[in-house]
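The primary structure of each chain is shown beneath.
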Amino acid sequence: MKGNKTTAIILIGLALATAFFAGREFLKMREPEPIIKGVGVTEVQKLSQYFPDLKGTNGDTDIYILKGQEPGGSMLVLGGTHPNEPSGFMSAVVLIENAKVNKGTLYVIPRTNQSGFTHNDPQEGSPQRFHIKTKDGERWFRYGSRATNPLDQWPDPDVYIHASSGQQLSGNETRNLNRAYPGRPDGTYTEKVAYAITEMIKKNKINMTVDLHEASPEYPVINAIVSHDRAMPITSQVTMNLEFEDIAIGLEPSPKTLRGLTHRELGDYTDTYAVLMETANPAQGRLRGKTNEALILTGKDKTYVKAQKLGRLFVPFTEDGHPLEQRVARNIAALTELKNVMGELEPDKVIEIDYIPTYSDLVEKGLGEYLNKAN
Ligand SMILES: [Zn+2]
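Looking only at helices and strands, one finds nine helices and 13 strands in the chain. Over its C-alpha atoms the chain spans a radius of gyration of 22 Å, differing by no more than 12% from the 21 Å that the globule rule assigns to 375 residues. In terms of principal-axis extent, the alpha carbons of the chain reach across some 85 × 50 × 45 Å. The buried share of the chain, taken over its 375 residues, is 55%.

Written out as structure tokens, the structure reads:
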């Protein structure tokens, strides 16, 4: 009898220890990576400042503000709307860690749907993290999910009805931030985050908002700018300028019938010029081979090279792939052109920024060169 008791106590002890270590690992997976502010960051705000309901939730994401000495135009960069599309998130990080604004204001939200960074998509086999070598050692970053974590919003309805239009989509789209705009204060977690961002744009009268995305190489809207109608005079000039710089990019008008997306709703509900961009990420594609960190970083995949030869893709795809630094370089080059052209067409909206790496800087030196040292 006594022996049984001792065995039971030992087994319970072992079970508790296992639960403790497994739980600690699980929580560690959800921890956000450090972002190391550069000299240009003048203030860090919380999104709950624009909608207090978000306080204490994963929706209360950081807003990095880079304000110049001189007044001018303003631009908001949204990274991480979909946390499984790393070029948008990394472009935001490069701006926060490097840029210095002289005139006007740059707002950067790296983890726009912060909840999506706390998990990743089941059955996709994506790694939890990827690593980048910098001049001062290695940094790590999360590879998250396209959608809000079910721990923050559950259960999904069978049909998701977009509140302001009545548009119906499949139930899991209810956790897709880029179907939730303009959002609503009494809605779901995802709708509340969208609402807070819409409020933030209105309150700060932000002139231009750029939402950074990636898509799989077999998706038709790729290496493209999607532009709200009011932004077209700017985005059409930007597309031409980028083509002159040998950066092939398409321009798509924001479809009036597809609702809930930044390029439609932020343009309709606020005065901002609403723009969305897409780069090519084979790690989220359906045709990809082995899914690992190398695929995220190098964007090289043999199956996609084959698919390109069969004419199945909407972007060129060679053995060189689409490395992450090249995808970030495309975003940074386009963001630079967007603010430049807005300032040329409307001189009261000039934004002057120093220390933004150029396309060739990023492609040649790599991302590590533009990441700061962890304290
Ligand atoms: Zn996306």
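With that out of the way, let us pick up the coordination of the zinc ion. Looking at the zinc ion, the protein donor atoms are His82 (ND1), Glu85 (OE), Glu85 (OE) and His213 (ND1), and they sit 2.1 to 2.4 Å from it. For the zinc ion, the four donor atoms in the first shell make angles of 57 to 153° at the metal, so the coordination geometry reads as irregular. For the zinc ion, all donor residues lie on one chain, and their spacing in sequence is H-x2-E-x127-H. Taken as a pair, His82 and Glu85 share a single burial class, namely buried.

Every α-helix winds through 3.6 residues per turn, so residues three or four apart in the chain are directed the same way. Taking 1.5 Å per residue, 22 residues should reach 32 Å; helix H8 (residues 324–345) reaches 32 Å between its end C-alpha atoms and fits that length. Counting buried positions along H8 yields 17 of 22 residues, so the element is predominantly enclosed.

Attention now goes to unusual backbone geometry. Of note, the bond from Trp154 into Pro155 is cis; its omega dihedral lies within 30 degrees of zero at -5°. Residue Pro182 follows Tyr181 across a cis peptide bond; omega there is 0°. By the element assignment, Pro182 lies in the loop between strand E8 (168–170) and helix H3 (189–204). Unusually for a residue other than glycine, Gln123 sits at a positive phi of about 70°. Take Gln123: it is sitting in the loop between strand E4 (100–109) and strand E5 (129–134). Residue Gln123 is classed as exposed on the basis of its relative accessible area, which comes to 83%. Not every positive phi belongs to a glycine, and Lys205 is a case in point at roughly 50°. Relative to the elements of secondary structure, Lys205 occurs in the loop between H3 and strand E9 (208–215). The exposed category is assigned to Lys205, whose relative accessible area is 65%.

Another point: a nonpolar patch on the surface. Taken together, the side chains of Ile10, Leu11 and Leu14 present a nonpolar region at the surface, about 310 Å² in accessible area. Mapped onto the fold, Ile10 is located in helix H1 (residues 2–29).

Once that is clear, we can look at the pattern of salt bridges. Close approach of charged atoms lets side chains of opposite charge pair. As enumerated under the stated definition, the model contains 18 salt bridges in all. Close ionic contact of Lys46 with Asp62 constitutes a salt bridge, the shortest N to O distance being 2.8 Å. Placement of Lys46 in strand E1 (residues 43–46) and of Asp62 in strand E2 (residues 62–67) is noted, with a sequence separation of 16 residues between them. Of the charged contacts in the structure, one is a salt bridge between Lys202 and Glu199, with a shortest N-O distance of 3.8 Å.

Between two packed helices, both the angle of their axes relative to each other and the distance between the axes serve to describe the pair. With their axes 9 Å apart at the nearest point, helix H4 (residues 232–244) and H8 run at an angle of 130° to one another. In terms of their interaxial angle, H4 and H8 are classed as oblique. Crossing hand, H4 versus H8: right-handed. Note on element contacts: H8 touches H4 through Ala333, Ala334, Glu337, Leu338, Val341, Met342 and Leu345, opposite Pro233, Ile234, Thr235, Gln237, Val238, Asn241 and Leu242. Looking at the contact of H4 with H8 residue by residue, the classes come out as ten nonpolar, three polar and one charged.

Right, let's get into the pairing of strand E6 (residues 137–142). Relative to E6, E5 is paired through six bridges, and the arrangement is antiparallel. By the bridge assignment, Ile132 is partnered in E6 with Arg139. Counted along the chain from E5 to the antiparallel partner E6, the turn is two residues long.

Taken N-terminus to C-terminus, the directions of helix H2 (residues 86–98) and H8 make an angle of 60°; their axes are 9 Å apart at the nearest point. With respect to H8, the axis of H2 lies oblique. With respect to the hand of their crossing, H2 and H8 are arranged in right-handed fashion. The residues of H8 that touch H2, namely those facing Pro86, Ser87, Gly88, Met90, Ser91, Val94 and Leu95, are Leu324, Arg327, Val328, Asn331, Ile332 and Leu335. Tallied by class, residues from the contact of H2 with H8 come to eight nonpolar, four polar and one charged.

Checked against the element boundaries, Met90 lands in helix H2. By relative accessible area, Met90 is classed as buried at 0%. On a C-alpha basis, the gap between Met90 and Ile225 in space is 18 Å, while along the polypeptide they are 135 residues apart. Excluding its chain neighbours within four sequence positions, the residues that come into contact with Met90 are Phe130, Ile132, Phe141, Leu324, Val328, Leu367 and Leu371.

The next point concerns the packing of aromatic side chains. This model, assessed by the stated rule, comprises six aromatic pairs. The rings of Phe89, Phe117, Phe130 and Phe141 are connected pair by pair, giving a single aromatic cluster. In this arrangement the basic side chain of Arg129 is found over the ring face of Trp140, its NZ or CZ atom lying 3.5 Å from the centre.

Reading the values: rules and limits
Residues numbered from 1 in each chain as written. Predicted model: local features only at pLDDT ≥ 70, side-chain atom pairs only at ≥ 80, totals over all residues. Heavy atoms only, no water. Helix = DSSP H or I, 4+ residues; strand = E, 2+ residues; numbered from the N terminus. Rg over C-alpha atoms; globule rule 2.2 N^0.38 Å. Buried < 20%, exposed > 50% of the residue type's maximum accessible area, 1.4 Å probe, protein only. Donors = N, O, S within 2.8 Å, 3.2 Å for Na, K, Ca; no water. Tetrahedral: all angles 85-135°; square planar, octahedral: opposite > 155°, others 65-115°. Expected span 1.5 Å × (residues − 1). Patch = residues over 30% accessible without salt bridge, like charges linked within 9 Å, V, L, I, M, F, W, Y side chains within 5 Å. Areas by Shrake-Rupley, 256 points an atom, 1.4 Å probe, with all protein chains shown as cover. Salt bridge = Lys/Arg side-chain N within 4 Å of Asp/Glu carboxyl O. Axes fitted to C-alpha atoms, helices over the stretch in contact; angles between N-to-C directions. Parallel < 35°, antiparallel > 145°, perpendicular 65-115°, else oblique. Left-handed = near helix turned anticlockwise from the far one by under 90°. Contact = heavy atoms within 4.5 Å. Nonpolar A, V, L, I, M, F, W, Y, C, P; charged D, E, K, R; others polar. Pairing = 2+ DSSP bridges. Phe/Tyr/Trp six-rings, centres within 6.5 Å; stacked < 30°, edge-to-face > 60°. Lys NZ or Arg CZ within 6 Å of the ring centre and 35° of its normal.

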